[in-house]
Every structure is written in structure tokens, then in C-alpha cells.
Amino acid sequence: MIRNFLFTIILISLFLVIPFSVCAQKKSDQSVEIAITNVNIIPMTINNHVIYNATVLIKDNYIQSINNEIPDGVKIINAKGKWLIPGLIDMHVHLPSDVNTKPKFPTEAPDIVFEVQDIMTLFVTNGVTTIFNLNANLESFSQRKEIQKGCVLGPRIAVAALIDGGEGNGRRANTPEQGRQTVRIAKAEGFEFIKLYSKLNIETYKAIIDEANKQGLKTVGHIPNVFQNDLKGAFVPHFDMVAHAEEFSKSAKDFNYAEALSFAKIAKENGTWVTPTLTAMEWIADQTNSLERLESLTTLAYVHPLLQSKWLTSNSYNKNSTPETIAYFKKLVEFQKLLVKAFKESGVPVTAGTDAGVSGVVSGFSLHDELVLLVEAGMTPEEALVSATRLPAIWLGLDSKIGTVEVGKLADLILLDENPLDKIKNISKISGVIVNGQLIEKDKINEMLSELATKNNTLKPDFDWKKMMSN
Ligand SMILES: [Zn+2]
């Protein structure tokens, strides 16, 4: 008990001291110029001609020049034989929010607080430099601010407000007027996108999309359950993105390629893009069947101990599993690969997203898994990379800033030991990442991850999901 108390005091004093010095330190570092020399640039532009043995000059967080002279006093990184690609974009993530495990009085903060740096370390060490938070809340804005201030090293974050119908939690709308008002409030609060959810009724769903368009907000989401027998009915103008391939599966009867093509045609005709989230479905199917793979997952060490405990001891996919659900999810895993193939053949733009936060789907690492699965489903490695760089940048309206390696773009970059166009798995052979004006090299990446794993391991005994949630 006394030890715990002392530990808390030490922690508190660390919090009091560190933020000021860390923020100030990082601000001054941002003006450092870096030249990456002898590097092979995979620009991910439309023609994507590789520029071999190039010199890239980075200044003030931007790509200043390619193959120009290097001014004096610049830090030089000799990247001979290495490959430079744009930072990756995960188009579907959920971030942990602080938790209340017991009733609290007004003015009291939550009793479980997730360290923002611990959440973001997983993205940046994997070269994920932009994420799309598809169920953002007010806390998301402060997380983003910490990164922008330089107090936390993290990705750029786009935020969507989720609106559901029925009696669910969060923002709910069950009439068109409620739907419109909810969109206007979300816009006023600062959300940049609207996420549509499964229990919306038809008229409210359409009103939300219409209002979002009027307010200049793009929409992404589930296909509400009411459209199960009328998939086409959900594809109204300005329904901009389907958040999972699984959403189409709800309407499937034959689960074959012809049906996948017919679904893809509907999306294509409406100009709707798709984020398949193959990784999440693989994990759901896996855990429905057994927890073995999850239990031996090495990257689990980087997940907050409370979530580790939840995933392993209160796993709803596993708990509610029946022979029917096991068979069903297995079928969905196969069908979603056919869907990706059909999207490709039909010209439906696909962006890579993981649904990070779902049990088994570990932030950052999971985007590499997603790219591998997209290639297994029929994409070329280049197409998979496009789905995690140029295309999501366009969808998010950020293509003048990120998504390609070009002069004038932000220097969100990954340095790889081997060419990912040859083999998509090379995406995990990271030699360095540049994010928010900071270069993190291999040694630093390993250090950040191992410190996080050690910290999580130390905290483990204090975070038993079942015990804490039954209080
Ligand atoms: Zn999600």
C-alpha cells in the first residue's frame, strides 16, 4: 500500500515536471533541417516513378527540395539502399477514452486515464502518421492538441462524430429533424466528419447525410440495418464512404463473386468509397473460434493492460460464440476478400483502415497486416500502398499536404530497409519515421516500444478488467 502511494507521488511529480520541458524541447527541435541522401523515393504519385539515389531536404516539417544542393549545417542521414515512402494513413481507428469505474461527483476526473503518448506510440513507431478516429469525442480534441503542441509525438488525427438511432449510447437521432440538429451540433463542436451507424432509420439517415453535405462535412459509416433487403436504397448522394466491407455482407445471400460485383457496382454508381477493414474481421472470426492466437500475440504487450485484460478475460466474440457464428464469420472473411477484388475490378476507390481498438487489432501494427490482406485479396503491393497514402489523403481533403513524397508536402515519411513494391511485407522493415518534425530512427523506435511494454507489464496487476468493472 505504502509502495503504491509512493509510486503515485512519484508519478504525479513526473507529470508536474515533464510536460513543460518536453513541449519546449520539441518545439525547438522542429527547426532542425534534415537531408536524407542516397535514398530511393517511392513518391506514390499517380505515375509513381521511383527516384533512385535521391537527396531529400526537410525543413520546418516540410519537404523543401528533392535533388538540390544541401546547405551547410544540415543533419545528414545516409540512406543508401533504403526506400522512402509517404507516412501511412489508417482510415478507421478507435482510441481508448478515459474510464470511470465508479460513481463520481461533479468536477471529478475519470479514475482511469490513458496516457496520450502511450496510445500514439503505436502509430508513429509503425509509420502511421495520420489516423481517422471514427468515434471521436471531446477528449479526442485534447489528444490532438497535445500532439500539435509537441507534447506528444503522434499522428495527425481527423475526427468523426458518430450518430446512431434507437436507444443506443452517444449521439442519437430518431427523426430527420433530430438528425439535422445533431449534425449541426457536431459541426459547432468542431467535428470534421460524420459517422453513420447501424440503428438509424431510413428518413433520419437520409436527413443526416443531406445536412452533413449542407454543412460541408463528409459522411462515412455503417449501412443501417434497415437497408438489409434494399442495399441500393442506402446509396444516396453524399454517402461518401462505407466503413467496412462487412456492411455489404449484411445484404449477401449467395456470398459469391457475382454478388460481390453487384454490390461493388452500387458503390461505384454512387461515387462511394470503401474502407474494407479486413484485419478486424479476421480477428473477430479468429476469436469467435478460439483465443489462442490472441493469447500468443507478441504485440499485445504494447496494448494498455486494462484492454489486454478485457480482450483476454471478457472477450465478447469468444463468449457468445456458437458453431453457427464460427461458420458465419468464416464465410464473411472469405466474402470480404471477394468484395475487395470486386471493388478493384469495378473501380471503387478503396482506402486502408483497420478498426484498431477492436480486440486483437493493435494500433499501428494492424495497418501493416491490413496491407498484406489487401494484397492477398488481389491488390498489387502498389495498389495497397495507394490505399494507405494517396487515396485516403484525397478523401480526407488533405492531398495538398500529405499522401505523396513531393516538394511542398509535409514531411510525413517512412524510411524502409527494403522495397515494399516488391513485397508488401517489407512495409514492416522500418528504418526510421519522420512525423511532426521529428525523426525517429530504428533504435529509438525499439526503445519506445520496449519501454511501453515494460510499463504495461508493471501496471498489469492493477488492471483486472473483471474486478474493476464490477466495482
Ligand atoms: Zn470501427
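Residues numbered from 1 in each chain as written. Predicted model: local features only at pLDDT ≥ 70, side-chain atom pairs only at ≥ 80, totals over all residues.

Side note on the overall build of the protein
Part 1 of the reasoning: Looking only at helices and strands, one finds 18 helices and 16 strands in the protein.
Part 2 of the reasoning: A compact globule built from 471 residues should have a C-alpha radius of gyration of about 23 Å, and the protein, at 22 Å, falls within 12% of that.
Part 3 of the reasoning: In the protein, the proportion of contacts linking residues at least 24 apart, taken out of those at least 6 apart, comes to 76%. (Helix = DSSP H or I, 4+ residues; strand = E, 2+ residues; numbered from the N terminus. Rg over C-alpha atoms; globule rule 2.2 N^0.38 Å. Contact = placed C-beta atoms within 7 Å.)

A short note on helix 13 (residues 323-346)
Part 1 of the reasoning: Spanning 24 residues, helix 13 covers 34 Å between terminal C-alpha atoms, matching the ideal 34 Å at 1.5 Å per step.
Part 2 of the reasoning: The set of residues buried in helix 13 consists of Phe329, Leu332, Phe335, Gln336, Lys337, Leu338, Leu339, Val340, Ala342 and Phe343.
Part 3 of the reasoning: In this fold, the buried residues of helix 13 make contact with helix 7 (246-249), helix 8 (257-270), strand 13 (273-274), helix 9 (278-289) and helix 14 (365-376).
Part 4 of the reasoning: Phi turns positive, to about 80 degrees, at Gly347, one or two residues after helix 13. (Expected span 1.5 Å × (residues − 1). Buried ≥ 20, exposed ≤ 12 C-beta atoms within 10 Å, placed from the backbone.)

Focus: the nonpolar core
Part 1 of the reasoning: Residues Leu84, Ala160, Ile194, Ile208 and Leu339 are the most contacted members of the largest nonpolar core, which totals 128 residues.
Part 2 of the reasoning: It is helix 13 that contributes the most residues to this core, 8 residues altogether.
Part 3 of the reasoning: What Ile208 contacts, discounting residues up to four positions off in sequence, is Ile163, Ala173, Gly179, Val183, Ile194 and Leu196. (Core = buried A, V, L, I, M, F, W, Y, C linked by C-beta atoms within 7 Å.)

As for the domain arrangement of the protein
Many descriptions give the size of an interface as the accessible area lost when the pieces come together.
Part 1 of the reasoning: When its domains are assigned, the protein resolves into domain 1 (1-30) and domain 2 (88-408).
Part 2 of the reasoning: A straight line from the C-alpha centre of domain 1 to that of domain 2 covers 33 Å. (Domains from an automatic or database assignment.)

Notes on the packing of helix 9 against helix 14
Part 1 of the reasoning: Following both chains from N to C, one finds helix 9 and helix 14 inclined at 95 degrees, their axes separated by 8 Å at the closest point. The angle between helix 9 and helix 14 places the two elements in the roughly perpendicular class. Here Leu278, Thr279 and Glu282 of helix 9 come into contact with helix 14, specifically with Ser366, Asp369, Glu370, Leu373 and Leu374.
Part 2 of the reasoning: Here the contact of helix 9 with helix 14 is composed, by residue class, of 3 nonpolar, 2 polar and 3 charged. (Axes fitted to C-alpha atoms, helices over the stretch in contact; angles between N-to-C directions. Parallel < 35°, antiparallel > 145°, perpendicular 65-115°, else oblique. Nonpolar A, V, L, I, M, F, W, Y, C, P; charged D, E, K, R; others polar.)

So, the pairing of strand 1 (residues 34-41)
Part 1 of the reasoning: Note: strand 1 against strand 4 (residues 75-78), 4 bridges, orientation parallel. Bridge pairing in strand 4 places Ile36 opposite Ile77.
Part 2 of the reasoning: The pairing of strand 1 with strand 2 (residues 51-59) spans 5 bridges and is classified as antiparallel. Across the sheet, the residue bridging to Ile34 is Ile58, located in strand 2. (Pairing = 2+ DSSP bridges.)

Points about unusual backbone geometry
Part 1 of the reasoning: Residues other than glycine seldom take positive phi values, yet Asn38 does so here, at roughly 55 degrees.
Part 2 of the reasoning: The topology assignment puts Asn38 in strand 1.
Part 3 of the reasoning: Of note, the phi angle at Asn67 is positive, near 65 degrees, even though the residue is not glycine.
Part 4 of the reasoning: As for its position among the elements, Asn67 is in the loop between strand 3 (62-66) and strand 4.
Part 5 of the reasoning: Judged by local crowding, Asn67 falls into the exposed class, with 12 C-beta atoms found within 10 Å.

Some details on the packing of helix 4 (residues 176-189) against helix 5 (residues 202-214)
Part 1 of the reasoning: At a closest axis distance of 8 Å, the pairing of helix 4 and helix 5 adopts a crossing angle of 35 degrees. Crossing geometry of helix 4 relative to helix 5 is assigned as right-handed. Contacts from Pro176, Gln178, Gly179, Arg180, Val183 and Arg184 in helix 4 reach Glu203, Thr204, Ala207, Ile208, Glu211 and Ala212 in helix 5.
Part 2 of the reasoning: Here the contact of helix 4 with helix 5 is built from residues that sort into 5 nonpolar, 3 polar and 4 charged. (Left-handed = near helix turned anticlockwise from the far one by under 90°.)

A few points about the confidence of the model for the protein
Part 1 of the reasoning: Taken residue by residue, the protein gives an average pLDDT of 93. The fraction at 70 or more is 93%.
Part 2 of the reasoning: Under a pLDDT of 50 for its full length, residues 5-21 has, in the predicted model, 1 contact with residues more than four places off or in other chains. (pLDDT = per-residue confidence, 0-100.)

Observations concerning the environment of Asn47
Part 1 of the reasoning: For Asn47, the location among the structural elements is in the loop between strand 1 and strand 2.
Part 2 of the reasoning: Judged by the 5 C-beta atoms lying within 10 Å of it, Asn47 falls in the exposed class.

Observations concerning the environment of Ile76
Part 1 of the reasoning: Among the secondary structure elements, Ile76 is positioned in strand 4.
Part 2 of the reasoning: Judged by local crowding, Ile76 falls into the partly exposed class, with 13 C-beta atoms found within 10 Å.
Part 3 of the reasoning: Here the alpha-carbon distance between Ile76 and Ile34, two residues 42 residues apart in the chain, equals 5.9 Å.
Part 4 of the reasoning: For Ile76, the residues in contact, after removing those within four places along its chain, are Ala35, Thr37 and Ile70.

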